[in-house]
Amino acid sequence: MGAAQTHVQRHRKSAIVTCPHRIYGNAMIEKVFLKARCRYLLQSRTSAPQVIKIQHPCKTTDHILVPTDAFSRFCLAPMDHPVEIDAKGFDIRRMPPDLLGRHRDGRILKKARFAAPLHYGGCLYTFQRPQKGAPRKSLADNRGMDLGSESLLTMLCSEMIHEDVPPLPHTDAPAPKNSLEIGIVLHLHYPELWPEFATFLQHAKLDFRLIVTLTRQDEALISQIKASYPDARVLVDDNIGRDIRPFIKVLQSAHLQGLDVICKIHAKRSVFSGVPDARFGHLWRRRALLDLLGSPLHVQKTLDRFETSPDLGMLGPATLRLKNGSGIDPGHEDSLPTRRYLSGLCGFDPSHIKEDYFAGTMFWVRTAALAALQDVTLPDDAFTEEPEQTGERFEHAVERFFSDCVRAQGYRLGDIEPLVLARPDIPIRSSTGRLLAPHALLEATRAWYRSRWQQPFEQDLSNHRVALVAAHDVEAAGPQIEDLQRQGWLVCLCLRVTSKSLDTHVATPADAVFLREHGGQEIDIWAAALRADPPIWDAKTLSLRSTGNPAFLTFDRGPESMKIRSQLENALVWNKPSETLFRSRALLAKFSMQPTDD
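Residues numbered from 1 in each chain as written. Predicted model: local features only at pLDDT ≥ 70, side-chain atom pairs only at ≥ 80, totals over all residues. Heavy atoms only, no water.

(A) Structural detail: the sheet that holds strand 20 (residues 412–416). Read across the sheet, 7 strands follow the order 14-13-12-15-19-16-20 without closing on themselves; strand pairing throughout is mixed. Two strands bound the open sheet, and with one partner strand each, they are strand 14 (233–236) and strand 20. Shown here is a sheet whose adjacent strand axes are inclined to one another by a mean of 20°, direction ignored. Looking at chain direction, strand 13 (residues 209–214) and strand 14 are connected through 4 bridges and run parallel. The partner of L214 across the bridge, within strand 14, is V236. In the packing of helix 2 (residues 194–204) onto the sheet, contacts are made with strand 12 (182–187), strand 13 and strand 15 (261–266), and the angle to strand 12 comes to roughly 165°. Contacts from helix 3 (residues 219–228) reach strand 13 and strand 14 within the one sheet, and its direction differs from that of strand 13 by about 170°. (Pairing = 2+ DSSP bridges. Helix = DSSP H or I, 4+ residues; strand = E, 2+ residues; numbered from the N terminus. Axes fitted to C-alpha atoms, helices over the stretch in contact; angles between N-to-C directions. Contact = heavy atoms within 4.5 Å.)

(B) Inspection of the pairing of strand 25 (residues 541–546) at higher detail. When you tally the buried positions in strand 25, you get 6 out of 6 residues, the bulk of the element. With burial as the criterion, each face of strand 25 is covered, one bearing T541, S543 and R545 and the other bearing L542, L544 and S546. The pairing of strand 22 (residues 465–471) with strand 25 spans 6 bridges and is classified as parallel. Bridge pairing in strand 25 links L468 to L544. (Buried < 20%, exposed > 50% of the residue type's maximum accessible area, 1.4 Å probe, protein only.)

(C) Spatial organisation of the side chain of S335. With respect to the element layout, S335 can be found in helix 7 (residues 331–346). What makes S335 buried here is its relative accessible area of 2%. Polar side-chain contacts of S335 include one of 3.0 Å to the side chain of R339. In this view, S335 contacts A397 and R400; residues no more than four positions away in its chain are not counted. (Polar contact = N/O pair within 3.5 Å; in protein donor to acceptor, adjacent residues only side chain to side chain.)

(D) Geometry of the environment of P167. Mapped onto the elements of the fold, P167 is located in the loop between strand 11 (123–126) and strand 12. Considering only alpha carbons, one finds P167 and T199, 32 residues apart in sequence, at a separation of 9.9 Å.

(E) Representation of the sheet that holds strand 24 (residues 512–517) in the model. Pairing within the open sheet is mixed, and its 6 strands lie in the order 21-24-23-22-25-26. In this open sheet, the two edge strands, each paired with only one partner strand, are strand 21 (451–455) and strand 26 (553–556). Geometrically, the sheet is characterised by an average inter-axis angle of 15° between neighbouring strands, direction not taken into account. Looking at chain direction, strand 25 and strand 26 are connected through 4 bridges and run antiparallel. Counterpart to L544 in the pairing with strand 26 is L553. The sheet contacts of helix 10 (residues 474–486) involve strand 22, strand 23 (489–497) and strand 25, and relative to strand 23 the element is tilted by about 165°.

(F) Broad picture of the nonpolar core. Grouped together as the largest cluster of nonpolar side chains are 47 residues, with contacts concentrated most on L188, W194, L210, I265, L293 and W364. The set of elements that each furnish at least two residues to this core consists of strand 12, helix 2, strand 13, helix 3, strand 15, helix 5 (279–293), helix 6 (296–308) and strand 16 (312–317). If near-sequence neighbours (up to four positions away) are discounted, L188 is found in contact with L193, W194, F197, V212, T213, L214, L221, I225 and A267. Residues I262, L370, V376 and V398 belong to the second largest nonpolar core, which totals 33 residues. (Core = buried A, V, L, I, M, F, W, Y, C linked by side-chain atoms within 4.5 Å.)

(G) The arrangement of unusual backbone geometry in detail. The backbone of H170 shows a phi angle near 60°, a positive value even though the residue is not glycine. Structurally, H170 is set in the loop between strand 11 and strand 12. Residue classification places H170 among the buried residues on the basis of a relative accessible area of 11%. Backbone geometry at K205 places phi at a positive 60°, although glycine is not the residue there. Tracing the backbone shows K205 in the loop between helix 2 and strand 13. The exposure class assigned to K205 is partly exposed, which follows from its relative accessible area of 29%.

(H) A look at the pattern of salt bridges. For the coordinates displayed, the defined rule picks out 15 salt bridges. Notably, a salt bridge pairs D91 with R45, separated by 2.8 Å at the nearest N-O pair. With a gap of 46 residues between them, D91 in strand 9 (residues 90–94) and R45 in the loop between strand 4 (40–44) and strand 5 (50–55) connect regions that are remote in the sequence. Classification of R45 as partly exposed rests on a relative accessible area of 41%. A salt bridge links R412 to D311; the shortest N-O distance between them is 3.0 Å. Placement of R412 in strand 20 and of D311 in the loop between helix 6 and strand 16 is noted, with a sequence separation of 101 residues between them. Given the relative accessible area of 35%, D311 is considered partly exposed. (Salt bridge = Lys/Arg side-chain N within 4 Å of Asp/Glu carboxyl O.)

(I) A look at the pairing of strand 24. Of all 6 residues in strand 24, 6 are buried, a share of seventy percent or more. Neither face of strand 24 is exposed, since A512, F514 and R516 on one face and V513, L515 and E517 on the opposite face are all buried. Bridge analysis of strand 21 against strand 24 gives 4 bridges, and the strand direction is antiparallel. Each bridged residue has a counterpart across the sheet, and for Q455 the counterpart in strand 24 is V513. Pairing between strand 23 and strand 24: 6 bridges, direction parallel. For L493, the partnering residue across the bridge sits in strand 24 and is V513.

(J) Broad picture of the packing of aromatic side chains. Per the counting criterion, the structure on display carries 10 aromatic pairs. Consider the rings of W453 and F514, whose centres lie 5.0 Å apart with planes at 55°: the pair is tilted. Pair noted here: W453 is in strand 21 and F514 is in strand 24, with a separation of 61 residues, a long-range link. Note on F514: relative accessible area 0%, which makes it buried. Linked through ring pairs, W194, F208 and Y229 together constitute an aromatic cluster. Against the face of F247 rests K264, its NZ or CZ located 5.5 Å from the ring centre. Its end group placed over the ring of W489, R545 keeps NZ or CZ at 5.6 Å from the ring centre. (Phe/Tyr/Trp six-rings, centres within 6.5 Å; stacked < 30°, edge-to-face > 60°. Lys NZ or Arg CZ within 6 Å of the ring centre and 35° of its normal.)

This is the structure we're talking about:
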């Protein structure tokens, strides 16, 4: 092996191994130190999915659930700084320099079956075909969610892999306001998950009717539920049909009487997925809960859509929506006979059956959109007892039929965009939302540009009007800045600069200066500045502008500004520049605000 070239530093319970050319796995070695600007090949020694940890010099750690049940070789793209990686279960080799350098990684990444983005620009990916006998022989893109692997983690920030729920966003947002009567239907097969659901329900700040279905009589659990929600309705039934049969029974009961919309959630763990500790279902559940109930602002947008769009019947997580053209769903063909049978029972035209539903069966739905199921008799023996829950079963077909029912009732399905958990103090070079698929990893570079405040606002802004002017040339922005200041505005110059110029001093009459590397579209640099300095949101009036153009958006502090804040924070993880332009125009229309020249 060339022991003279290998240096081992042994510590109490771990060792760090450094190698100029190759690193070989060792059962005694737990950690490996990887050099900057080097590409490494990770060869798995196990066929079971495993969690690896990649620690950056600033102590930020990525936790990646690696699908070693589907692939055996992974590549870690070159990074600008050294990292420490948990090497247990892997042989790690340093790959020789390539004349094409990073461009080669980019070309391979476009074809990657699995790509997990890391902090600070790193990416772990594989470009081999799935192994024979993997959970899915064809790992379809599906907007980044490979159901046959564990790339679901790429839809979440690293903290979400832990059992404890991390701090959720927008805690200072007001409670959602609407005229709808709301219900939450929770199937709780695992009592230990109640604290997690309670956290999300309390954070959403909703006024709702809670219906909980259990699979066993648990007085202690019922007492916990009643302590938080005294009016909760708790139903106990046999463990048959997973969450589907209990939901059908709730639909056919009087518990939903008077409700306009309901949110269906359940304690998903997918213990039969073959993943240790059921991490697959854990991540799947967390993604759905984040998008459905993870933020009062997110919930407010969801309810507003139901109120303003009478034809909208169901809303679910965009990243969990499986539809025609988004990838292969082997269960579609298997479920067709049952779905045609159910359509006949409901009196529907089978033409409404489509390959389009929310995987995991967690969604918001209008009660009228599922009214046809209230009078349908489904015998208990049609459902499957839990020990037999493998492969495509009756309940899996019913899961898909919920969407068929919505369409047949004259309603449509809609997406809920992923909730962003990026924190201002951690430079995220990957998305917790839609930046999932390999192509998106290459295209959505706007989310990770470096930035800094050269001169932040120092005064209280609550009684001031503040204008953010996006520019790429200081001199060109000068006249506009001076004109705004004469009108009584405090002006922040949001300047796009090169990476070499990021640390230079910019001379400008502006009251504050924010510098961002490259910067992308104007909406990106506004969003970056607002996220980096939240007190700007305290301004009496806020105006978003660019050099030589009228105001893109001008609004006063209030409830609407909280919605706009959520929109702008999500702008940092939109996939493509074209999507940014499209959504920026939609932002104007959404809040009925026209550009002004005041």
